[in-house]
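Chain by chain, the residues run as shown.
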Amino acid sequence: MRIQFVLGEMFSGLRRNTTMVVAVVLVTFVSLTFVGAAALLQAQIGKLKDDWYDLVEVSVFLCPQGSVSPTCATGEATDEQVDAVRQVIDTELSDEVSKVYFESKEQAFEAFSERYPDGYQGTQLTADDMQASLRLKLSDAEQFAVVSDVLSGRDGVEIVEDQRAVFEPLFRTLNVATLLAAGLAGVMLLAAVLLITTTIRLSAVSRRKETEIMRLVGASNLFIQLPFLLEGALAAVLGSLLAGGGLWLGVRFMVSDWLERSVDWVAYVSEVDVLRVAPLLVIIAVALAALSSFFTLNRYTRI
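Nothing here was measured: the structure is a model prediction, and the numbers come from that model.

Student: Any details on the overall build of the chain? Residues and values, ideally.
Tutor: In terms of regular secondary structure, the chain is built from nine helices and four strands. The buried share among the 303 residues of the chain stands at 41%. Of the roughly 17,000 Å² of accessible surface on the chain, 62% is carried by carbon and sulfur atoms.

Below is the structure:
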């Protein structure tokens, strides 16, 4: 009987403040969409790092003819210098380097010709213009600094290059997008708190006589405040469900059905990732309602 009364009061409040409730749902939907997008962007960055960092290599470019590097003072790297570098890798870097591959100038030219069949910027190059290198596969991609410190400055080595640097601008861009989404989400969440607070206050003021009567007959604070709390929670949860549904549809049609088919060599977030984020959105929605109620109910339901 008490449950029926509480639910009846809740739905009565929702009918009286339909416009405000719709506004709460929409603002919560928008704000939690940004929250979910930020979480999915971070998941996407994690997937890219897991896939690409396992593929990248450290390139140890050996001295070519005409290099001005101090380590190339004797000219092009000799076989003895290359063997000395490989010996250092096998001994001092055995734990960091899992595989070593030597790329000759001829092999480098073959790869160059496949990538630039018409020459590079109108210039036709030959195998003699290429640069031999050692390609290192690291056991842990994060150990580049250790490898660079050991190999840089050795005779025959012009430069040590980490291929991860190619991906860092992309990761920085995605991180900036994540921060932007999180910032917008914060502003919208504040707006949602204010709207839920206003909705609860209007509902409480419009039923001031009812709450006074309930107080006189001995109703507890929880029993009086529960319908108002449920109103805010229901509106916020509806917004979170819409946000989760919107994210699911976005990932389903924009990522899985379009982007993944267009560029299939990249690991993308999926609908499963959205389902993992969705409970977080509901929790945030309930927390918003509870926070808003905390600042409102005790003031407007106490007579």
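From this point on, the discussion continues.
Student: Tell me about the nonpolar core, and name the residues and values.
Tutor: If you look at the biggest cluster of nonpolar residues, it comprises 34 residues, and the most contacted ones within it are L32, V35, L40, I196, L281 and L288. Elements with a minimum of two residues in this core: α2 (18-52), α6 (164-206), α8 (221-262) and α9 (271-300). When near neighbours in sequence (up to four residues on either side) are disregarded, I196 contacts V24, G232, A236, L288, A289 and S292. With 16 residues, the next largest nonpolar core counts V88, V97, L138 and V157 among its residues.

Student: Give me the pattern of salt bridges: which residues, what numbers.
Tutor: One pass over the structure, following the stated rule, counts seven salt bridges. Between E271 and R252 there is a salt bridge whose closest N-O contact spans 3.6 Å. Separated by 19 residues along the polypeptide, E271 in helix α9 and R252 in helix α8 bring together distant segments of the chain. Assessed through its relative accessible area of 28%, R252 is described here as partly exposed. Where R276 meets D273, a salt bridge forms, and the shortest distance between an N and an O atom there is 3.4 Å. With R276 and D273 both in helix α9, this residue pair falls three residues apart, about one helical turn.

Student: Describe the UniProt feature "transmembrane region" (unreviewed entry) in the chain, with residues and values.
Tutor: UniProt marks residues 21-45, 176-202, 222-255 and 275-297 with the feature "transmembrane region" (unreviewed entry), using the numbering shown here. Annotation note: span residues 21-45, helix share 100%, strand share 0%, distance between end C-alpha atoms 36 Å.

Student: Give a detailed account of helix α4 (residues 105-115), specifying residues and quantitative values.
Tutor: What α4 keeps buried is the set K105, A108 and F112. Looking straight down α4, one finds its buried side chains confined to an arc of 60°; they lie on one side. Exposed side chains of α4 directed beyond 90 degrees from the buried face belong to E106 and E114. Structurally, α4 contributes buried residues whose contacts are with β2 (97-103).

Student: Break down the side chain of T71 for me, with residues and values.
Tutor: Within the secondary structure, T71 is located in the loop between β1 (58-62) and α3 (79-91). Of the residues examined, T71 reaches a relative accessible area of 13% and is grouped as buried. Within the local environment of T71, its side chain forms a polar contact with the side chain of S69, the two groups lying 3.0 Å apart. Excluding residues that lie within four positions of it along the chain, T71 makes contacts with C63, G153, R154, D155, G156, V157 and E158.

Student: Lay out the environment of P227 in plain terms, naming residues and giving numbers.
Tutor: Mapping P227 onto the fold places it in helix α8. Residue P227 is classed as buried on the basis of its relative accessible area of 2%. As for P227 and I200, which are separated by 27 residues in sequence, their C-alpha atoms are 9.6 Å apart.

Student: I'd like a rundown of helix α5 (residues 144-151), residues and numbers included.
Tutor: Helical geometry: 3.6 residues make up each α-helical turn, so side chains three or four residues apart lie on a common side. Every buried residue of α5 is accounted for by F144, V147, S148, V150 and L151. Projected onto a plane normal to the axis of α5, the buried residues spread over an arc of 165° and lie on a single side. Positioned one or two residues after α5, G153 has a phi angle of 85°, which is positive.

Rules used in this analysis
Residues numbered from 1 in each chain as written. Predicted model: local features only at pLDDT ≥ 70, side-chain atom pairs only at ≥ 80, totals over all residues. Heavy atoms only, no water. Helix = DSSP H or I, 4+ residues; strand = E, 2+ residues; numbered from the N terminus. Buried < 20%, exposed > 50% of the residue type's maximum accessible area, 1.4 Å probe, protein only. Areas by Shrake-Rupley, 256 points an atom, 1.4 Å probe, with all protein chains shown as cover. Core = buried A, V, L, I, M, F, W, Y, C linked by side-chain atoms within 4.5 Å. Contact = heavy atoms within 4.5 Å. Salt bridge = Lys/Arg side-chain N within 4 Å of Asp/Glu carboxyl O. UniProt positions renumbered as here; feature names shortened; annotations may be inferred. Arc of directions from axis to C-beta. Polar contact = N/O pair within 3.5 Å; in protein donor to acceptor, adjacent residues only side chain to side chain.

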